[in-house]
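Below, each chain spelled out in residue letters.
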Amino acid sequence: MNDSTTNEGPPAGAGEGTRAVRAGLPEPVKYEPTLPGPVFAAHFHLPGEPKGPYTYGRDENPTWTHLERAIGELEAPGQDGIETLAFASGMAAISSVLFSRLRAGDTVVLPADGYQVLPLVRAQLEAYGIEVRTAPTVDDAQLGVLDGAKLLWIESPSNPGLDVCDIRRLVEAAHARGALVAVDNTLATPLGQRPLELGADFSVASGTKQLTGHGDVLLGYVTGRAGEPMTAVRRWRKIVGAIPGPMEAWLAHRSIATLQLRVDRQNTSALAVAEALRGRPGVSGLRYPGLPEDPSHKVAAQQMRRYGCVVSFTLPTRARAERFLEALRLVDDATSFGGVRSTAERRGRWGGDAVPEGFIRLSVGAEDPEDLVADVLRALEESAR
């Protein structure tokens, strides 16, 4: 199998479904599968000088190559000089950017309302002598703490609060101060938002979520323009060995073919659920960027093409929230989001998120929207008794 070549991909201007189905496929070879199976190899035949693309399994793997090309074609379609690196998890990808860029005495700006593992990241960064500043995503508040920073970390939409910031505005301000910018694109996916087109240096995501969409793969990735920053990320991956298994990489690539189908269904259903929850007794703090009245909608509409599959809201008490979750029949009580089967959880049970005890994060799957809305409203009514 020749993994150093790839097909030309869909023509310029092809639709996102076409692009997702064709992304990263190799040149067709007679009698070979259109998507080659996973390559399980710790080492490769390597006589003479090691000049080929594959030398050792911690550095490169043909299955990664196909996946990384596929993701790059979605994150930055039609752009040359784009590089993607796959990782064992979203946190491995996040860590690679932070720890490859920052040294003792540097300053980094993180969102105060981001993913609940970020406080652990902050503690580790500070232990290494790195100054960490935080500000909320809403109202572009990170602008106020940018001076002197080496790296700005954006999470938009934020998880789990679903606030949105003006990425292009923040990028321009950060670059003017000499800082690089990374955007966590997990909630949006490349079909919802393209951070590199908005000027960011890195688009980082957990492929565990909607990108792969079946709840059976742990994966992360970093996409950026080829150059020193991405070389440093690659070097960090090599040092810590935070690499994906070939089976996980193959499953992820296979799953990307249905990304547009899944995303469109889930986004449509998420909006339907959000609209159904609007004004319901006991429901407060309803958030979905696709709702016209949502505080994030105006900014989101300027930089997002789709608004995601996550809806959040708050019920009056912890007990009410737990009764609601127990009453659901089509929604699993589970963490994570983006899967084809709907999930929900009382987010406060983990700690690390500044949310009320009754805060619910609901990830909308691919069920029929009418069935899902009916299940959510029935559970909401039963939980009030």
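From a predicted model like this one, the values you see are computed outputs, not experimental measurements.

(A) Broad picture of the pairing of strand β1 (residues 82–87). Burial analysis of β1 places 5 of its 6 residues in the buried class, the great majority of the element. With 6 bridges joining them, β1 and strand β7 (residues 220–225) adopt antiparallel strand pairing. In the sheet register, Glu83 faces β7, and the bridge partner there is Gly224.

(B) How the structure looks around helix α3 (residues 90–101). Here α3 is 12 residues long and its end C-alpha atoms lie 17 Å apart, about the 16 Å a rise of 1.5 Å per residue gives. Counting buried positions along α3 yields 11 of 12 residues, so the element is predominantly enclosed. Turning to α3, its buried residues are Gly90, Ala92, Ala93, Ile94, Ser95, Ser96, Val97, Leu98, Phe99, Ser100 and Arg101.

(C) Representation of the sheet that holds strand β4 (residues 151–155) within the structure. Judged by pairing direction, the sheet is mixed, and its 7 strands sit side by side in the order β1-β7-β6-β5-β4-β2-β3 without closing on themselves. The sheet is open, and its two borders are formed by β1 and β3 (131–135), each paired with just one other strand. Pairs of neighbouring strands in the sheet enclose a mean axial angle of 20 degrees, with direction left out of account. As defined by bridge partners, β4 adjoins strand β5 (residues 180–184) across 5 bridges and the pair is classed as parallel. Each bridged residue has a counterpart across the sheet, and for Leu151 the counterpart in β5 is Leu180. Across the face of the sheet, helix α2 (residues 62–75) comes into contact with β1, β6 (202–206) and β7 while running at roughly 125 degrees to β1.

(D) The arrangement of the nonpolar core in detail. Ranked by size, the top nonpolar core spans 27 residues in total, and within it Leu277, Val311, Phe313, Phe324, Ile360 and Leu362 carry the most contacts. Once residues within four sequence positions are removed from consideration, Phe313 is found in contact with Leu277, Val283, Ser284, Gly285, Leu286, Phe324, Gly358, Phe359, Ile360 and Leu362. Leu85, Ala92, Ile94 and Leu98 belong to the second-largest nonpolar core, a separate cluster that totals 26 residues.

(E) The arrangement of the environment of Ser255 in detail. For Ser255, the location among the structural elements is in helix α7 (residues 246–256). C-alpha of Ser255 to C-alpha of Gln210: the two residues are 45 residues apart in sequence and 9.7 Å apart in space.

(F) Summary view of the packing of helix α10 (residues 318–327) against helix α11 (residues 369–383). Contact geometry for α10 and α11: axes closest at 8 Å, N-to-C directions at 135 degrees. The angle between α10 and α11 places the two elements in the oblique class. In this structure, the crossing between α10 and α11 has a hand that is right-handed. Only Val376, Arg378, Ala379, Leu380, Glu382 and Ser383 of α11 make contact with α10, whose side of the interface consists of Arg320, Arg323, Phe324 and Ala327.

(G) Quick peek at α2. Taking 1.5 Å of rise per residue, the 14 residues of α2 would be expected to cover 20 Å, and the 20 Å separating its terminal C-alpha atoms lies within 8% of that figure. Summarising burial for α2: 12 of the 14 residues are buried, a large majority. Listed as buried for α2 are Pro62, Thr63, Trp64, Thr65, His66, Leu67, Glu68, Ala70, Ile71, Gly72, Leu74 and Glu75. The N-cap residue of α2 is Asn61: its side-chain oxygen and the backbone nitrogen of Thr63 are 2.7 Å apart.

(H) Looking closely at the pattern of salt bridges. By the definition in use, this model includes 31 salt bridges. For Arg349, the salt bridge goes to Glu345, with nearest N and O atoms at 3.0 Å. Three or more residues are tied together by salt bridges with common partners; here these are Glu16, Arg194, Glu197, Asp264, Arg305 and Arg306.

(I) Focus on the sheet that holds strand β9 (residues 310–314). The sheet built from 5 strands is open, its strands ordered β8-β9-β12-β11-β10 with mixed pairing. Every interior strand has two partners, whereas the edge strands, β8 (284–287) and β10 (332–333), have only one. Bridging between β10 and strand β11 (residues 343–346) involves 2 bridges; their strand directions are parallel. Paired with Asp332 across the bridge in β11 is Thr343. Packing against the sheet, helix α8 (residues 259–277) makes contact with β8, β9 and β12 (359–363), and its axis sits at approximately 20 degrees to β9.

Reading the values: the criteria
Residues numbered from 1 in each chain as written. Predicted model: local features only at pLDDT ≥ 70, side-chain atom pairs only at ≥ 80, totals over all residues. Heavy atoms only, no water. Buried < 20%, exposed > 50% of the residue type's maximum accessible area, 1.4 Å probe, protein only. Helix = DSSP H or I, 4+ residues; strand = E, 2+ residues; numbered from the N terminus. Pairing = 2+ DSSP bridges. Expected span 1.5 Å × (residues − 1). Axes fitted to C-alpha atoms, helices over the stretch in contact; angles between N-to-C directions. Contact = heavy atoms within 4.5 Å. Core = buried A, V, L, I, M, F, W, Y, C linked by side-chain atoms within 4.5 Å. Parallel < 35°, antiparallel > 145°, perpendicular 65-115°, else oblique. Left-handed = near helix turned anticlockwise from the far one by under 90°. Polar contact = N/O pair within 3.5 Å; in protein donor to acceptor, adjacent residues only side chain to side chain. Salt bridge = Lys/Arg side-chain N within 4 Å of Asp/Glu carboxyl O.

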